[in-house]
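# Coordinate inspection notes
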Amino acid sequence: MTDGDQMNQRSDILTGTLLSPVSDDDSKNRFFSREGLAVARGGHKGKAIGVLTSGGDSQGMNATVRAVCRMGLYMGAKMYFIKEGYQGMVDGGENIVEAGWVSISGIIHKGGTVIGSVRCNKFRERSGRLKAAANLVRHGITNLVVIGGDGSLTGANLFRQEWGSLLDELVEQGEITPSKRAECSSLNIVGMVGSIDNDFCGTDMTIGTDSALHRIMEAIDAIVTTASSHQRTFILEVMGRHCGYLALVAALASEADFVFIPEWPPEKDWPDTLCKKLKQERDLGQRLNIIIIAEGALDRQGNPITAEQIRQVVMENLKQDSRITVLGHVQRGGSPSAFDRVLGCRMGAEAVLALFEATPESEACVVSLDGNQAVRVPLMECVQKTKEVAKCMSESRWEEAVKLRGRSFERNLQTYRMLTRLRPPKSAFDSLGHGTGGYTLAVMHVGAPCCGMNAAVRSFVRNCLYRGDVVYGIHDGIEGLIEGNVQTMSWCDVNGWVGQGGAFLGTKRTLPEPYLEQVVSRLKEFNIEALLVIGGFEAFRTVLQLAENRDRYPSLRIPMCVIPATISNNVPGTEFSLGADTALNEITEICDRIRQSAQGTKRRVFVVETMGGYCGYLATLAGLAGGADAAHIFEEPFSIKLLMDDVVHMQAKMAEGVQRGLILRNEYANSNYTTDFIYRLYCEEGKDIFSARMNVLGHMQQGGSPSPFDRNVATKMASKAAEWLISRLKEGSKTDDPNACSNPETAVLLGLVRRQYRFTPVQTLQNITDFK
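Please read these numbers as outputs of a predicted model, since none were measured by experiment.

## Points about the sheet that holds strand β10 (residues 289-294)
Spatially, β9-β10-β8-β11 is the arrangement adopted by the four strands of the open sheet, whose pairing is parallel. Single-partner strands in this sheet number two, and they are β9 (258-260) and β11 (322-326). For this sheet, the mean angle separating the axes of adjacent strands, direction not counted, is 15°. Each of β8 (233-238), β9 and β10 is contacted by helix α7 (residues 245-254), which is oriented at about 165° to β10, the strand it contacts most.

Encoded structure:
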């Protein structure tokens, strides 16, 4: 199977926004739409683009290289691999190789970088850059895509600034002609950050970070079992010489007991604080402790804190059996996660568009991720901001360093410090043990279970208890509420929930409308003043039905919020639902295994059916991340002619020497052209050329442990939902109006829309929802 050889759908990061299919046999109307802009196929013939990877490798670089090359080829440009980074550019020769469509097949699932990356001291000197310029001009390359860290991007910007003078010098030396100098007069550069550390200011996530978090979480989940068996304390050292992002998010996603990061050193008495917390946890019956430390961790005086130092503190003070695990380059290894593959594809395509829209006066830019959107930001502005973080840390301006890392980093730190407390603060309770917040909130699930639900409940419960409020957990959704299956949630009740799949509170698809009298009776009985519903499309309909009946039942005039959680990602008002990332990773991993299983089999096509109901999100994004040849979905009607075109295309591929093909189909894509029909079509029409196999993935897509992304997003969304609900309750208490929560703005869905989280009234969303 080649990776995405004519995958005719493209999508934005996580959104599943589809573009028009393009047939290879169609010579007319070759374009796709980008934010309303028509991009013509073959519209940039005669231009040449070089792509290189530099600095440390990271998973997802190959997906990015592939996307850059195929987008450039699609638009008519010549594409060149520059192997071994800047060293290859300086040495030239066989290091600069023209790339074709087939030459980048079969790399999307590979970690590292297939075109190599070497740190090059020669390029730091002008003489080295002069050789590099000469090599580029010989191939007519005046557009450069650099995938690397801030050092690589800084070098690229200097190269661009010197380009004119370098060419003048080459003309003087007789290396190039004046006409060639005029033809290659300017150099356009676009950067993308490939770094597992996520240490570049200006982007929410760098290429490779999500995959590194997957490796870390796999290690922690494995360590937890052995640590619990022997009542051990494990100290896990992760990468992050100057940035604590990996350590912080891993701690947040694993409920680690303590974390050490360079941006926020612990107080001077950290050994006492650490030992006190570990002892209290063991006294409460906890059998293991996990401590995560970034390799660049410091104390407040700027002295390094090492894993061995922490182990000695724990051993000498608590006599606990303590072990150190240093993950090292394991974090850089393995296949990229689905997120990194899609991120690389999206950023690579955007980089090519940025190059072709650039002018000699344009500032060099870097393609980054802002919320849910790929954006272009000034390269050197981001580099300068990144360097400012290091300066703040060297001058012990810790709070400023955290702020410069961005809002996401700062909120992660605040959330971790709050959620990993042993118990709520004393100020949350009065002398009688009653909560000082005074509000009673409830949380429940409605819909199918998915990964991330438990992490969201844990975050919501602890956020509310931290403020001194009472939280009820409603088991089994609406049916459980009717039966009175309601439990008062304590701080310790949600220990260990963040990394568990499924839904510990239980979930059903039952909607409230037929049982409104019973629902209202239970809300009164438990004095529930605010409600959080975590689930899929049924959760949206539940809150909508409750909100529409507020005029009949005053007890429904309470603030209500939905957190979308479904692998189908079919909830209105959001571009991403909890559970979708985990399911996407499961599908992508299965596609990788299919690729591996067929290595000894020649010429085989796999037809794979994904879940998702009528929403083609999973099939489309898995097709993009898994390198599928086609993805058939409900949103894009297809005919037997299109299916036959795909078969003919597959026959042509096989004749050219390609061994494997992959076709994805969303479960409700078409009632007549079923998965079995497509499989039989390939069997019949492909006989004597290739064989076919069919796989229906089923409920394995809903299982497994939540991905780091789902754990992190669930924690953040639940925290935001708690803040919103409590703020609405406070506003209502100020007015002393029993009908304060009867307007549509008090029954909302919390969604991720482009660059921000947004609360949208469910009654507003009703008008744009296709319920059928």
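Back to the write-up after that little detour.
## Considerations on the nonpolar core
Ranked by size, the top nonpolar core spans 143 residues in total, and within it Met 192, Ile 292, Phe 460, Leu 532 and Ile 534 carry the most contacts. For this core, the element with the most residues is helix α10 (residues 338-357), which contributes 13 residues. If you look at the next biggest cluster of nonpolar residues, it comprises 39 residues, including Tyr 86, Ala 132, Leu 153 and Leu 170.

## A word on the pairing of strand β15 (residues 470-474)
Consecutive side chains along a regular strand alternate between the two faces of the sheet. Along β15, four of the five residues are buried, which leaves the element largely enclosed by surrounding structure. Pairing of strand β14 (residues 440-446) with β15, which is carried by four bridges, proceeds in the parallel orientation. Across the sheet, the residue bridging to Ala 442 is Tyr 472, located in β15. Crossover connection from β14 via helix α14 (residues 453-466) to parallel β15: handedness right-handed. As judged from the three bridges shared by β15 and strand β16 (residues 486-488), these two strands associate in the antiparallel manner. Counterpart to Tyr 472 in the pairing with β16 is Thr 488.

## Some details on the pattern of salt bridges
For the coordinates displayed, the defined rule picks out 34 salt bridges. Between Asp 168 and Arg 181 there is a salt bridge, with its nearest N and O atoms 2.9 Å apart. Of this pair, Asp 168 sits in helix α4 (residues 150-172) while Arg 181 sits in helix α5 (residues 178-183), and the two are 13 residues apart along the sequence. Note on Asp 168: relative accessible area 37%, which makes it partly exposed. In this structure, Asp 629 engages Lys 653 in a salt bridge whose closest nitrogen and oxygen atoms are separated by 2.3 Å. Of the two residues, Asp 629 sits in the loop between α19 (617-626) and β21 (630-632) while Lys 653 sits in helix α20 (residues 640-655), which places them 24 residues apart along the sequence. With relative accessibility at 4%, the residue Asp 629 sits in the buried group. Lys 653 sits in the buried class, given a relative accessible area of 5%.

## Thoughts on a nonpolar patch on the surface
Taken together, Tyr 614, Phe 634 and Tyr 668 make up a surface patch of nonpolar side chains, about 330 Å² in accessible area. Structurally, Phe 634 can be placed in the loop between β21 and α20. Among the residues examined, Phe 634 registers a relative accessible area of 42% and is labelled partly exposed.

What counts as what
The residue numbers shown here count from 1 along each chain, following its written sequence. pLDDT decides what is reported in this predicted model: residues at 70 or higher carry local features, side-chain atom pairs at 80 or more are listed and counted, and totals for whole chains, interfaces and linings draw on all residues regardless. To obtain the side-chain values, all non-hydrogen atoms of the structure were included, while hydrogens and water were left out. For two strands to be treated as a pair, DSSP must find at least two bridges joining them. Numbering of helices and strands runs from the N terminus, with a helix taken as a DSSP run of H or I at least four residues long and a strand as a DSSP run of E at least two residues long. Fitted lines through C-alpha atoms give the axes, limited to the stretch in contact for helices. The angle between two N-to-C directions lies from 0 to 180 degrees. Residues count as neighbours in contact if any of their non-hydrogen atoms are within 4.5 Å of one another. As used in this record, nonpolar core signifies buried Ala, Val, Leu, Ile, Met, Phe, Trp, Tyr and Cys residues forming a set joined through side-chain atoms within 4.5 Å. To sort residues, take the accessible area from a 1.4 Å probe on protein chains only and compare it with the maximum for the residue type: under 20% means buried, over 50% means exposed, and anything in between is partly exposed. The handedness rule is simple: strands pointing away from the viewer, and a clockwise path from the first strand over the helix to the second, make the crossover right-handed. When a carboxyl oxygen of Asp or Glu is within 4 Å of a side-chain nitrogen of Lys or Arg, the pair counts as a salt bridge. Each patch is assembled from residues with relative accessible area greater than 30% and no salt bridge, linking like charges that lie within 9 Å and nonpolar side chains (Val, Leu, Ile, Met, Phe, Trp, Tyr) that lie within 5 Å. Reported accessibility uses the Shrake-Rupley method at a 1.4 Å probe radius. Residues are deemed covered only where the shown protein chains occlude them.

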